[in-house]
Amino acid sequence: MLILASQSPRRRELLTMLGLEFEIETADLDEAMDPALPPETEVARVCEAKARAVARNHPDDLILSADTIVVVDGAVLGKPHSPAEAKAMLRRLSGRRHTVMTAFCLLQNGAADVHVEQTHLRFKPLSDAEIDAYIATGSPLDKAGAYGIQDQAAVFVEALEGDYYTVMGLPLCALVKCLRRRGVAVLGAVEP
């Protein structure tokens, strides 16, 4: 059985889109990252910790966890805790290039396969009115970097280099390759 160790509605939608059957179970754990360590190291560590926490209850199942962060000037932007923090994040991203990193972990029988995918984006300059209108939707408060590329914030993106789905929170191309190597059929195919 595939267990998704995430509460993200976007990750649920993406796995459903692929036609995969799965259950959801999450673990409550500290997702704080050490700012002294490289962001890709920390996002991978947190992602694997989520999978291992859920695997305690499902030792034989295939666990999929993921974690997404936004990185600008070496600083990690997680989910904002307030509208004011969301506004500060969006101002920081305005007219700038940044990187979205999504780590995913496939864990089964104690063996973890952790990948970190990166997509680079550039936002157009944002007006205060745009930022305020977007924050008023409520959407930024549950997303890393205070935006969702799949919602109204799509109009902020001037350029994107990499996998769009990495920005949504689950890099599908890389994930499907890993699932197929583990014998999970996706679109009727598995790796030899």
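Residue positions are counted from 1 within each chain, in the order its sequence is given. Whole-chain, interface and lining totals are the exception, using all residues; otherwise, since this is a predicted model, local features are given only for residues with pLDDT of at least 70 and side-chain atom pairs are given and counted only at 80 or more. Hydrogens and water molecules were not included; the side-chain quantities draw on all heavy atoms of the structure.

Participant: Explain unusual backbone geometry here, please?
Facilitator: At Asp-73, a position not held by glycine, the phi torsion is positive, near 55°. Comment: elements are numbered from the N terminus, with helices defined as DSSP H or I runs of at least four residues and strands as E runs of at least two. Examined against the element boundaries, Asp-73 turns out to sit in the loop between strand 3 (62–72) and strand 4 (75–77). In this structure Asp-73 comes out as exposed when scored by relative accessible area, which is 58%. With a phi close to 55°, Leu-187 is a non-glycine residue in the positive phi region. Per-residue accessibility, obtained with a 1.4 Å probe over protein chains only, is compared with the maximum for each type, and a residue is labelled buried under 20%, exposed over 50%, and partly exposed between these values.

Participant: Before we go on, may I ask you to explain the pairing of strand 5 (residues 97–108) in this structure?
Facilitator: Along any regular strand, the residues point their side chains to alternate faces of the sheet. Taken across its 12 residues, strand 5 has 10 buried, putting it largely inside the fold. Should DSSP find at least two bridges between two strands, the strands are taken to pair. Here 9 bridges tie strand 3 to strand 5, and the two strands are oriented antiparallel to one another. Bridged to Ile-69 within strand 5 is Met-101. By the bridge criterion, 12 bridges tie strand 5 to strand 6 (residues 111–123) in an arrangement that is antiparallel. Looking at strand 6, one finds that Phe-104 is bridged to His-115.

Participant: Could you clarify how one ought to interpret the packing of helix 3 (residues 83–93) against helix 4 (residues 128–136) in this entry?
Facilitator: A pair of packed helices is characterised by two quantities: the angle between their axes and the separation of those axes. Note on geometry: axes are C-alpha line fits, over the in-contact stretch for helices, and angles between N-to-C directions span 0 to 180 degrees. Running from N to C, helix 3 and helix 4 cross one another at 140°; their axes reach a closest spacing of 10 Å. Classified by the angle between their axes, helix 3 and helix 4 sit oblique to one another. Of the two possible hands of crossing, helix 3 and helix 4 adopt the one that is right-handed. Counting all contacts with helix 3, which are made through Pro-83, Ala-86, Lys-87, Leu-90 and Arg-91, the residues of helix 4 involved are Asp-128, Ile-131, Asp-132, Tyr-134 and Ile-135. A per-class count over the contact of helix 3 with helix 4 returns 6 nonpolar, no polar and 4 charged. In these notes the angle categories are as follows: under 35 degrees is roughly parallel, over 145 is roughly antiparallel, 65 to 115 is roughly perpendicular, and the rest is oblique. Left-handed describes a crossing in which the near helix is turned anticlockwise from the far one by less than a right angle; the clockwise case is right-handed. Two residues form a contact once any of their heavy atoms are found within 4.5 Å. Under this grouping Gly is polar, as are all residues other than the nonpolar Ala, Val, Leu, Ile, Met, Phe, Trp, Tyr, Cys and Pro and the charged Asp, Glu, Lys and Arg.

Participant: Explain the packing of aromatic side chains here, please?
Facilitator: We describe a pair of aromatic rings using the distance from one ring centre to the other and the angle between the two ring planes. Ring geometry is summarised as follows: Phe, Tyr and Trp rings, the Trp one being its six-membered ring, pair when their centres sit within 6.5 Å, and such pairs are stacked at plane angles under 30 degrees, edge-to-face over 60 and tilted between the two. Scanning the entire structure with this criterion turns up 4 aromatic pairs. Centroid distance Tyr-134 to Phe-156: 5.5 Å. Interplanar angle 85°. Geometry classified as edge-to-face. Here Tyr-134 is found in helix 4, whereas its partner Phe-156 is found in the loop between helix 4 and strand 7 (157–161), with 22 residues between them in sequence. In this structure, Tyr-134 and Phe-156 share a single accessibility class: buried. Note on Tyr-164 and Tyr-165: the rings are 5.2 Å apart at their centroids and 90° apart in plane angle, and the pair reads as edge-to-face. Overall, the relative accessible area of 28% leaves Tyr-165 in the partly exposed class.

Participant: Just checking my understanding: could you explain the pattern of salt bridges for this structure?
Facilitator: Pairing is possible between side chains of opposite charge, provided their charged atoms come close. When a carboxyl oxygen of Asp or Glu lies within 4 Å of a side-chain nitrogen of Lys or Arg, that pair is called a salt bridge. Within this structure, the stated rule accounts for 12 salt bridges. Taking the shortest distance from any N to any O, the salt bridge between Arg-52 and Glu-48 comes out at 2.9 Å. Taken together, the positions of Arg-52 and Glu-48, both in helix 2 (residues 39–55) and 4 residues apart, correspond to about one turn of that helix. The class of Glu-48 is partly exposed, set by a relative accessible area of 24%. In this structure, Lys-124 and Glu-130 form a salt bridge, with 2.7 Å as the shortest nitrogen-oxygen distance. For Glu-130, a relative accessible area of 25% puts it in the partly exposed group. Each of the salt bridges in this network shares a partner with another, and the network as a whole consists of Arg-10, Asp-142, Lys-143 and Asp-151.

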